[in-house]
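Per-entry structural report
In case you want the letters, here they are:
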Amino acid sequence: LEFEDQCERVVEAYLYVGKEFDNVKLSSMISFGADSLGGEAITDAEITLEGESDSWILVHNDSVSGQYYLEDIPAIEPGETFQLQIEIGEEILSAATVIPDDPPAVSMSSTSVYIPKVDDIRDFQNVEMPDPVELTWDNPDAKYYFLDIQNIETYPVSIMPDPPDDRPAPPGGFAFQMITEPTNNNYYSINLRQLEYFGTHRIVFTSVNEEYVYLYNSLNQDTRELNEPFTNVENGLGIFTAFNSDTLYLEVVPIY
């Protein structure tokens, strides 16, 4: 049985309300008998973002092969539909997404928690942690949200006694980051034993579309199912979706 080599274009594009559109990634994937492992960056595409009243041309980022961006922040309103059109030679790929509603107001059971700072791991095992921090919001329509919890300290101090303190956060990243799975509940509980560092934690509460939920679920399926990941890209593979978020803060304070 012989297969012809097939080239699939793969798109990864996320549109954030109020932020730069700077993380559009485009690559090719070779399948069925080719020696290539895929993931080759595509640098010569013409990409257009179209809103309901305006359009923008994306620029290739010469310092990150296969990544495209807008030089300006587009005006985005909840409920607005955006189209992404990609031309690669004679090929045309397209995808559409709707901007999610503003996330609802979130109530936090506490904005500051206090945890004893100990120097011995045996003492840490006996530390009594404060109650979990409860986040609640109205969700009568069972819409989907996720939380991105980030420690934003430049020199975070570890809660656990063994790791060295005052290690700098990775360049361009966070010492600690935890992204939850999409949920259509109206609450989330932060178990403080999940956190690794003292200091300020930024909690980005984000509303998402169903296509993101479909993608998340398809990427986290049982490996025995062997279903292909979800795609909403016409004539290609991948995802184009939008996020709308709000930000809260949690202080984790050491007790010496």
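The structure displayed is predicted, hence computed values, not measured ones.

Mapped onto the fold, Asp-72 is located in the loop between β7 (67–69) and β8 (81–88). Its relative accessible area of 54% is what places Asp-72 among the exposed residues. In this structure the C-alpha to C-alpha distance between Asp-72 and Leu-58, which are 14 residues apart in sequence, comes to 9.7 Å.

Attention now goes to a negative patch on the surface. Negative charge collects at one region of the surface, where Glu-20, Asp-22, Glu-71 and Asp-72 lie side by side. With respect to the helices and strands, the residue Glu-71 is situated in the loop between β7 and β8.

In this description, an aromatic ring pair is defined by two values, namely the gap between the centres and the angle between the planes. Throughout the structure, instances matching the rule amount to 11 aromatic pairs. Here Phe-146 and Phe-243 contribute two aromatic rings whose centre-to-centre distance is 5.8 Å and whose plane-to-plane angle is 90°, an arrangement assigned as edge-to-face. Of the two residues, Phe-146 is situated in strand β13 (residues 145–151) and Phe-243 in strand β17 (residues 237–255); the sequence distance between them amounts to 97 residues. Both residues of the pair, Phe-146 and Phe-243, belong to the buried class. Each member of the aromatic cluster is reached from another via a ring pair, and the members are Tyr-14, Tyr-16, Phe-146, Tyr-212 and Phe-243.

Counting 29 residues, the largest nonpolar core has Leu-135, Leu-195 and Ile-203 as the members making the most contacts within it. Where this core is concerned, the elements lending two or more residues are β11 (112–116), β12 (133–136), β13, β14 (176–179), β15 (187–190), β16 (199–208) and β17. Those residues within four positions of Leu-135 in sequence are excluded, and the remaining contacts are Val-106, Ser-107, Met-108, Leu-147, Asn-186, Tyr-187, Tyr-188, Ile-190 and Ile-203. Grouped together as the second largest cluster of nonpolar side chains are 25 residues, Leu-15, Ala-45, Val-233 and Phe-240 included.

Definitions and limits used
Residues numbered from 1 in each chain as written. Predicted model: local features only at pLDDT ≥ 70, side-chain atom pairs only at ≥ 80, totals over all residues. Heavy atoms only, no water. Helix = DSSP H or I, 4+ residues; strand = E, 2+ residues; numbered from the N terminus. Buried < 20%, exposed > 50% of the residue type's maximum accessible area, 1.4 Å probe, protein only. Patch = residues over 30% accessible without salt bridge, like charges linked within 9 Å, V, L, I, M, F, W, Y side chains within 5 Å. Areas by Shrake-Rupley, 256 points an atom, 1.4 Å probe, with all protein chains shown as cover. Salt bridge = Lys/Arg side-chain N within 4 Å of Asp/Glu carboxyl O. Lys, Arg positive; Asp, Glu negative; His and termini not counted. Charge placed at Lys NZ, Arg CZ, Asp CG, Glu CD. Phe/Tyr/Trp six-rings, centres within 6.5 Å; stacked < 30°, edge-to-face > 60°. Core = buried A, V, L, I, M, F, W, Y, C linked by side-chain atoms within 4.5 Å. Contact = heavy atoms within 4.5 Å.

Geometric values such as these leave the question of function open.
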